[in-house]
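# Structural characterization, general
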Amino acid sequence: MSVVLLLSTALLLTSCGSLEDVDPTPACPPGVGRGIWDLGFLEGKDAGPGSTEARKLLENPNFGATPQAAGDLEEGIVDQRLIATLRVLTKERRICVETFKEGHYFLPGVPDGPLIPEGYGKAGGLPNTHYYGRAADVWWVDGKPVEGNATDPDVLEVGRILAGIPPEMRPDQIIGPPRWATALGYGRERGWVLAPGQLELHEDHIHIGYMDKE
Ligand SMILES: [Zn+2]
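Residues numbered from 1 in each chain as written. Predicted model: local features only at pLDDT ≥ 70, side-chain atom pairs only at ≥ 80, totals over all residues. Heavy atoms only, no water.

What follows concerns the pattern of salt bridges. What the rule picks out here adds up to 8 salt bridges. In this structure, Arg93 engages Asp142 in a salt bridge whose closest nitrogen and oxygen atoms are separated by 2.7 Å. In this pair, Arg93 sits in the loop between α4 (80-92) and β2 (95-99) while Asp142 sits in the loop between β3 (135-141) and β4 (144-145), placing the two residues 49 residues apart along the sequence. The exposure class of Arg93 is buried, given its relative accessible area of 18%. Residue class for Asp142 comes out buried when judged on its relative accessible area of 14%. Between Asp152 and Lys144 there is a salt bridge whose closest N-O contact spans 3.0 Å. (Salt bridge = Lys/Arg side-chain N within 4 Å of Asp/Glu carboxyl O. Helix = DSSP H or I, 4+ residues; strand = E, 2+ residues; numbered from the N terminus. Buried < 20%, exposed > 50% of the residue type's maximum accessible area, 1.4 Å probe, protein only.)

Here it is, written out as structure tokens:
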């Protein structure tokens, strides 16, 4: 006689309690919000070229946008390379975009046009990448304002991630606070705009742009 022992294994569904450390703080500070997008857009009703990528970005809790910036994404105004770059950044950092096109002003009270206005440093007369939806201004990283935190490790990390993007996809207009640019130490060939006049105009945000059309 043989005794068959049925050994039952108890499946221990262990909840190790280590759900990924998700920081619940929104990517944009209180009062800035992450934008109000219409549900039609989220449901894909307006699915135009590339809108899926824009939608994925808007749905990422690491991405925050002001209503004007979210609106540009919804309307398909934002360059696909820029959306791809923001998706790379938001894999590792929380990013809040203040402006793409809508609401961007080089000179207070003067509506932006295709060219950077004369009087805006040496860049005056050059194409305005914001106007074409090819630039983003990032004002907050991981909930911290760029202003006053130029050498904060998380803010510097944004520069390092940008530098790690393959050259053919990397933005060619990367401008930030002077101390940020100095600490990173990258050269022009990696997309850094190092003209002192330009850096001084970016004490409070990081500008990420593409000079040429896709
Ligand atoms: Zn800008």
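After that view of the structure, there is still more to cover.
Turning next to helix α5 (residues 153-163). Along an α-helix, residues three or four apart share an orientation, since each turn contains 3.6 residues. Turning to α5, its buried residues number three or more, namely Val155, Leu156, Val158, Gly159, Ile161, Leu162 and Ala163. Tucked inside the fold, the buried residues of α5 contact α4, β2, β3, β5 (173-175), α6 (178-184) and β6 (206-209). You can read the cap of α5 off the contacts: a side-chain oxygen lies 2.8 Å from the backbone nitrogen of Asp154, and it is on Asp152. (Contact = heavy atoms within 4.5 Å. Polar contact = N/O pair within 3.5 Å; in protein donor to acceptor, adjacent residues only side chain to side chain.)

Interpretation in functional terms is not warranted from these geometric data alone.
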